[in-house]
Amino acid sequence: ADNTTERRFRRGSWDGSEWEVLMDEVKQRIAELSVESSHHMSKQAKKQQRATFRDFMNTIVDDESPEEVVNWRGGKLTLNSWKEIIQLNFVRHCLQGGFQIQLMYNDTLHGVFGATFNASGTSLSQLEKRLYMSKTSEASKAADKAMTKQRRTRTNVKNHFLTADGDDL
């Protein structure tokens, strides 16, 4: 009797239960859907659909729990169950464009999802924001200068065959 009880309550195993046949059918159908693609869907939608079905397959067949990590300025949220992922997607859908702001400042969302939050990331003054994040900041100017140099070098390498002496590099 202990073996039957152990088998019945072992996570992810449907062997020997009344649900075994149904779960085999579900596994087979999800396996088919995980590789199926429709012509009327965009590439990105197809990619997302395949990834979702692969996650379902991993949960049902291999007993792997899903993991999703959401990062934002000043915090990090790690979700480890389908329940949490579905809750997050519902909140994301309801808040739409305000989702990131709510994750940054809403203590209720931090409590619901158990988010780690770094308060120092959001306490920049107006002057600090201008110094670090604006297009006229020193960091931005340095990145722009490096990108211009990289473009110029790439163009020179591409057009190197046009010069006879090769001294343009």
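Structural data are supplied above this passage.
Residues take numbers from 1 onward in each chain, read along the sequence in its written order. Selection of residues for local features in this predicted model requires a pLDDT of at least 70, selection of side-chain atom pairs for listing and counting requires 80 or more, and totals for whole chains, interfaces and linings are taken over all residues. The basis for every side-chain value is the complete set of non-hydrogen atoms in the structure, without hydrogens or water.

**Quick look at the nonpolar core**
One recurring pattern in soluble globular proteins: nonpolar side chains tend to sit buried together.
So, point 1. Nonpolar core, defined: a set of buried Ala, Val, Leu, Ile, Met, Phe, Trp, Tyr and Cys residues in which side-chain atoms within 4.5 Å join the residues together. Partly exposed residues are those whose accessible area sits between 20% and 50% of the maximum for their type, while under 20% is buried and over 50% is exposed, using a 1.4 Å probe and protein chains only. Counting twelve residues, the largest nonpolar core is built from Val70, Trp72, Leu77, Leu79, Ile85, Leu88, Val91, Phe99, Leu103, Met104, Leu109 and Phe113.
So, point 2. Numbered from the N terminus, helices here are DSSP runs of H or I no shorter than four residues, and strands are runs of E no shorter than two. When residues of this core are traced back to their parent elements, those giving at least two are strand 1 (68-72), strand 2 (75-79), helix 4 (82-95), helix 5 (99-105) and helix 6 (107-113).
So, point 3. Counting residues in each nonpolar core, the second largest holds six residues, with Ile30, Phe53, Met57 and Ile60 among its members.

**Some thoughts on the side chain of Ser137**
So, point 1. For Ser137, the position within the fold is in the loop between helix 7 (126-133) and helix 8 (138-158).
So, point 2. The class of Ser137 is buried, set by a relative accessible area of 4%.
So, point 3. Two N or O atoms count as a polar contact when they lie within 3.5 Å, although within protein this holds only if one can serve as hydrogen donor and the other as acceptor, and sequence-adjacent residues are included solely when both atoms are side-chain atoms. Only 3.2 Å separates the side chain of Ser137 from the backbone nitrogen of Ser140, close enough to count as a polar contact.
So, point 4. Note on contacts: a residue pair is in contact if any heavy atoms of the two residues lie within 4.5 Å. Those residues in contact with Ser137 that lie beyond four places of it in its chain are Arg130, Leu131 and Tyr132.

**Topic: a nonpolar patch on the surface**
So, point 1. Judged by side-chain polarity, Leu127, Leu131, Tyr132 and Met133 come together as a nonpolar surface patch covering roughly 450 Å² of accessible area.
So, point 2. Relative to the helices and strands, Met133 is located in helix 7.
So, point 3. For Met133, a relative accessible area of 44% puts it in the partly exposed group. A patch consists of residues exposed above 30% relative accessible area that lack any salt bridge, with like charges linked at up to 9 Å and nonpolar side chains (Val, Leu, Ile, Met, Phe, Trp, Tyr) linked at up to 5 Å. Note that accessible areas follow from Shrake-Rupley with a 1.4 Å probe, and for residues the cover is restricted to the protein chains shown. Each salt bridge in this description consists of a side-chain nitrogen of Lys or Arg and a carboxyl oxygen of Asp or Glu lying within 4 Å of one another.

**A closer look at the layout of surface pockets**
So, point 1. Whether a set of points on the 1 Å grid over the protein atoms alone is a cavity depends on a 1.4 Å probe fitting there but being unable to get out, while an open set qualifies as a pocket with protein on both sides within 12 Å along at least five of seven lines; lining residues are those with an atom within 4 Å of a point. Grid points are joined across faces, edges and corners, and a volume is the space filled by probe spheres set on the points. Space inside the largest pocket adds up to approximately 230 Å³.
So, point 2. The wall of the largest pocket is formed by Gln48, Ala51, Thr52, Asp55, Phe56, Pro66, Glu67, Glu68, Trp82, Ile85, Ile86 and Asn89.
So, point 3. Broken down by secondary-structure element, the contributors of at least two residues to the lining of the largest pocket are helix 3 (43-60) and helix 4.
So, point 4. Top element by residues in the lining of the largest pocket is helix 3. It accounts for five residues.
So, point 5. Gly is put with the polar residues, along with every residue not named as nonpolar or charged; the nonpolar set is Ala, Val, Leu, Ile, Met, Phe, Trp, Tyr, Cys and Pro, and the charged set is Asp, Glu, Lys and Arg. Here the lining of the largest pocket is built from residues that sort into six nonpolar, three polar and three charged.

Structural measurements only, silent on function.
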